[in-house]
Structure formats: structure tokens, C-alpha cells
Amino acid sequence: MCRNIKTLFNFEPPVTDDEVGAASLQFVRKITGFHKPSKPNEAAFQAAVEDVARISSRLLRSLETNAPPKNREEEAAKARARAAERFAN
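Keep in mind it's a predicted model, so treat the numbers as computed, not measured.

(A) Structural detail: the confidence of the model for the protein chain. For the protein chain, per-residue confidence averages 91 on the pLDDT scale, and 94% of positions sit at 70 or higher. Across the protein chain, the element-wise mean pLDDT spans from 89 in helix α3 (residues 72-87) up to 97 in helix α2 (residues 39-62).

(B) Layout of the side chain of R29. By the secondary structure assignment, R29 is in helix α1 (residues 17-32). Among buried Asp, Glu, Lys and Arg side chains, R29 stands out as unpaired, with E42 the closest opposite charge at 11 Å. Here the side chain of R29 touches H35 through a polar contact of 3.2 Å, landing on its backbone oxygen.

(C) The arrangement of the environment of N71 in detail. By the secondary structure assignment, N71 is in strand β2 (residues 70-71). When its relative accessible area of 32% is taken as the criterion, N71 is described as partly exposed. In this structure, the C-alpha to C-alpha distance between N71 and L8, residues 63 residues apart in sequence, is 12 Å.

(D) A look at the pattern of salt bridges. By the definition in use, this model includes four salt bridges. Here R72 and E19 are joined by a salt bridge, their closest N and O atoms 2.7 Å apart. Residue R72 is found in helix α3, and its partner E19 is found in helix α1; the two are separated by 53 residues along the sequence. Relative accessible area serves as the criterion here: at 23%, R72 is assigned to the partly exposed category. Linking R54 and D51 is a salt bridge whose minimum nitrogen-to-oxygen distance equals 2.8 Å.

(E) Summary view of the environment of Q26. Inspection of the secondary structure puts Q26 in helix α1. Classification of Q26 as buried rests on a relative accessible area of 11%.

Quick notes on the rules
Residues numbered from 1 in each chain as written. Predicted model: local features only at pLDDT ≥ 70, side-chain atom pairs only at ≥ 80, totals over all residues. Heavy atoms only, no water. pLDDT = per-residue confidence, 0-100. Helix = DSSP H or I, 4+ residues; strand = E, 2+ residues; numbered from the N terminus. Buried < 20%, exposed > 50% of the residue type's maximum accessible area, 1.4 Å probe, protein only. Lys, Arg positive; Asp, Glu negative; His and termini not counted. Salt bridge = Lys/Arg side-chain N within 4 Å of Asp/Glu carboxyl O. Polar contact = N/O pair within 3.5 Å; in protein donor to acceptor, adjacent residues only side chain to side chain.

See the structure below:
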């Protein structure tokens, strides 16, 4: 599950709200152990996802770097190559 959380900082084009939301959902799933919460836990689960997304967006906006932005296509190709090597066995 953790492998689904991707680095979101310093990309061109910048991260979208959907990407931050997806990473936040994966994080909350990981720490709770729930893929889908039960009805009594649904509101707390969703509130946590929204809180993590809001804080993550604020963090990403406040970070600074001198490094050039990463290219999404190149990073995705590197990730596919790592996965192919890892699962080739």
C-alpha cells in the first residue's frame, strides 16, 4: 500500500489536488489498516484524509528548492523500470 504514495514535490507541471488527495487517502489507509472503513468510522476516516490533504498541500506550497523541476514522464519511466526489474524474478 505504501508504494502507492508518490513523491509530489518539485514536478513540472506542479502537483494537482487530485494527486495530493490520492496520496492522503493511501496514507490514512496505511496507518489505519482500513481499505474501506466501517460505517461508524467513515466520518473520522474521511476527515483524516481531508486534514492530511490540506496539510500536505500547505507543506508542498511552502517548500523551496534550487533543483530543477522533475519531469513526470521521466520519473514514471524510471518507476516502471524499477518495477520491471523487481518483479522479473
